[in-house]
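Chains, contacts and geometry: an overview
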Amino acid sequence: PCYNEEKTLPLALKDLPKKIAGIDSLEILVINDGSTDKTFDVARSAKVDHILNLPGHLGLAEAFKRGLERSVELGADIIINTDGDNQYNGKFIPELVKPIIDGKAEIVIGCRDMSAIKHFSLMKKLLQKVGSHFVRKFSDTDIPDTTSGFRAYSRDAALKMNIFSTYTYTLETIIQAGRKKIPMTYVNVTTNEKLRESRLIKSIPAYITRSIATILRIYLMYEPLKSFVTIGLAPIVCSFLLVGRFFYYYFTSVKGSSGHVQSLIIAAMVFVAGLMIIVIGLLGDIISANRKLNEEILYRYRKDSVEKSRLGK
C-alpha cells in the first residue's frame, strides 16, 4: 500500500527478495491509494507486476483490504504485506512465509523489538506495548507486536478476512483471526532507517481514541454476550446492595424515622437498567451468530470463485 511514496518506494522495491525457497514465482502488487505525487509513475518505471489505482485517497485499512482482494483474484497462494515507506527489512520475508509453507500457520506477523527502535518516542513505545497487551487478551493470541504491518497471509486466511475499520487493519485483523481460530504465529524482525514521519499517527490522543474504538468494536462483534453480561452485572449487584441497605435501616432505625424507601426505588431502576444491558447482550449474541453464518457463506463463495477462476471457468 502506497500514499505519496515516490521517494521511498524505489528503496522498498529494491529491498524485496528476488527468490524465496519454496516459492515458484514472486509478483509485486503496488496499491496506489490516491497519491498526488509520482508514486504511480515510479511503480510503472520499476516494472512491478501489478498496480492497483484506488479512486482517491481511501486510507490504509481500505488499501490493505483491496490489496488482499486483488492478490487473491490474481491467484496468490501467499500474500506478504509490507509498507511503501521501506520501514520493514525485506530480508525477513523468507522467514515470514516459512511457517505457511511448512503448514504451521496461516498468518505470520513480523514483530519488531520496540525497545531497539531509536526513532520511536518513549510514549509511542509505551502505547505500542499497552495496546498489544490488550489485543492479545481480546484475541487470545501471543503476538508481541500487534501493530506491525509486516505480515504474511495464506490465501485461505485472506479469504476469511473481513475488514470494517477505516483507520488501520493491524489490530482488527489479529482480533478477528484469533476469534476465528486461524492458526497464527510471529517471527522477530528488524526495521530499516526511518525515512519519514508516520502519517497514521497524527496525534497521540487521536491514535489512542481510534485504536480503543477499533479494539472494542471488533471484540463486541465477536463477544457481545460476554461483554454486555459483564457490564450488566455491575448495576444488578449495586441494586442488591441498595436493597440490603434498605433492610438494614428498616430493621435498625428508630420507629417513626424514614423508611429509606428511596433505596428500593433506586435499586429497582438500577436492576432494570442492568437487565436491559444483558438483554442487549443476548440480542447481540443472536446477531453475532447470524453474522458468523454470513461470514462462512461469504468465505465459501469467495473460495469457490477463486477456484473456478484458477481452473479458467
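So, a few notes on the structure that sits alongside this text. Quick caveat: nothing in here was measured; it's all calculated off a predicted structure.

The full count for this structure, using the stated rule, is 7 aromatic pairs. With 5.1 Å between their ring centres and 10° between their planes, Tyr88 and Phe150 make a pair best called stacked. A residue pair is termed long-range when its members are at least 10 positions apart, and Tyr88 in the loop between β3 (78–81) and α4 (93–101) and Phe150 in the loop between α5 (122–139) and β5 (151–154) qualify at 62 residues. Residue Tyr88 is classed as buried on the basis of its relative accessible area, which comes to 4%. A relative accessible area of 0% means that Phe150 is categorised as buried. With a centroid separation of 5.3 Å and an interplanar angle of 70°, the aromatic rings of Phe246 and Phe247 are classed as edge-to-face. Here a set of aromatic residues connected by ring pairs shows up, and it is made of Phe64, Tyr153 and Tyr169. The ring of Tyr222 has Arg291 sitting right over it, with the charged end atom 4.3 Å from the ring centre.

A separate point is the packing of α5 against helix α7 (residues 170–179). Where α5 meets α7, the axes come as close as 8 Å, and the angle between the chain directions of the two elements is 25°. One way to sum up the angle between α5 and α7 is to call them roughly parallel. As α5 packs across α7, the resulting crossing turns out to be right-handed. Side by side, α5 and α7 meet where Val135, Lys137, Phe138 and Ser139 of the first sit next to Leu171, Ile174, Ile175, Gly178 and Arg179 of the second. Within the contact of α5 with α7, the residues separate by chemical class into 5 nonpolar, 2 polar and 2 charged.

Scanning the entire structure with this criterion turns up 12 salt bridges. Between Asp140 and Lys181 there is a salt bridge, and its shortest N-O distance comes to 3.9 Å. Taken as a pair, Asp140 in the loop between α5 and β5 and Lys181 in the loop between α7 and β6 (184–189) lie far apart in primary sequence, 41 residues in all. For the pair Asp140 and Lys181, one class covers both residues: exposed. Among the charged side chains, a network of salt bridges with common partners joins Lys180, Arg291 and Glu295.

Our focus in this paragraph is the nonpolar core. Counting residues in each nonpolar core, the largest one holds 28 residues, and the members touching the most others are Leu68, Ile107, Tyr153 and Met161. Counting only elements with at least two residues in this core, the list comes to α3 (60–73), β4 (107–112), α6 (155–160), α7, α8 (204–222) and α10 (261–310). Every residue in contact with Ile107, bar those within four places of it in the chain, is listed here: Ala152, Tyr153, Ala157, Met161, Ala177, Ile182, Pro183, Met184 and Thr185. Membership of the second largest hydrophobic core comes to 22 residues, among which are Leu13, Leu16, Ile20 and Val187.

Here we come to the environment of Ala46. Here Ala46 shows up in the loop between α2 (39–45) and β2 (50–53). Note on Ala46: relative accessible area 41%, which makes it partly exposed. Here the alpha-carbon distance between Ala46 and Ile93, two residues 47 residues apart in the chain, equals 20 Å.

Attention now moves to unusual backbone geometry. In this model, Asp140 sits at a positive phi of 60°, which is unusual for a non-glycine residue. A positive phi angle, near 60°, is found at Lys181, a position not held by glycine.

Our focus in this paragraph is the side chain of Asn32. By the secondary structure assignment, Asn32 is in strand β1 (residues 29–32). Assessed through its relative accessible area of 7%, Asn32 is described here as buried. Excluding anything up to four places from it in sequence, Asn32 contacts Cys2, Thr39, Phe40, Leu52, Asn53 and Leu54.

What counts, and at which threshold
Residues numbered from 1 in each chain as written. Predicted model: local features only at pLDDT ≥ 70, side-chain atom pairs only at ≥ 80, totals over all residues. Heavy atoms only, no water. Phe/Tyr/Trp six-rings, centres within 6.5 Å; stacked < 30°, edge-to-face > 60°. Helix = DSSP H or I, 4+ residues; strand = E, 2+ residues; numbered from the N terminus. Buried < 20%, exposed > 50% of the residue type's maximum accessible area, 1.4 Å probe, protein only. Lys NZ or Arg CZ within 6 Å of the ring centre and 35° of its normal. Axes fitted to C-alpha atoms, helices over the stretch in contact; angles between N-to-C directions. Parallel < 35°, antiparallel > 145°, perpendicular 65-115°, else oblique. Left-handed = near helix turned anticlockwise from the far one by under 90°. Contact = heavy atoms within 4.5 Å. Nonpolar A, V, L, I, M, F, W, Y, C, P; charged D, E, K, R; others polar. Salt bridge = Lys/Arg side-chain N within 4 Å of Asp/Glu carboxyl O. Core = buried A, V, L, I, M, F, W, Y, C linked by side-chain atoms within 4.5 Å.

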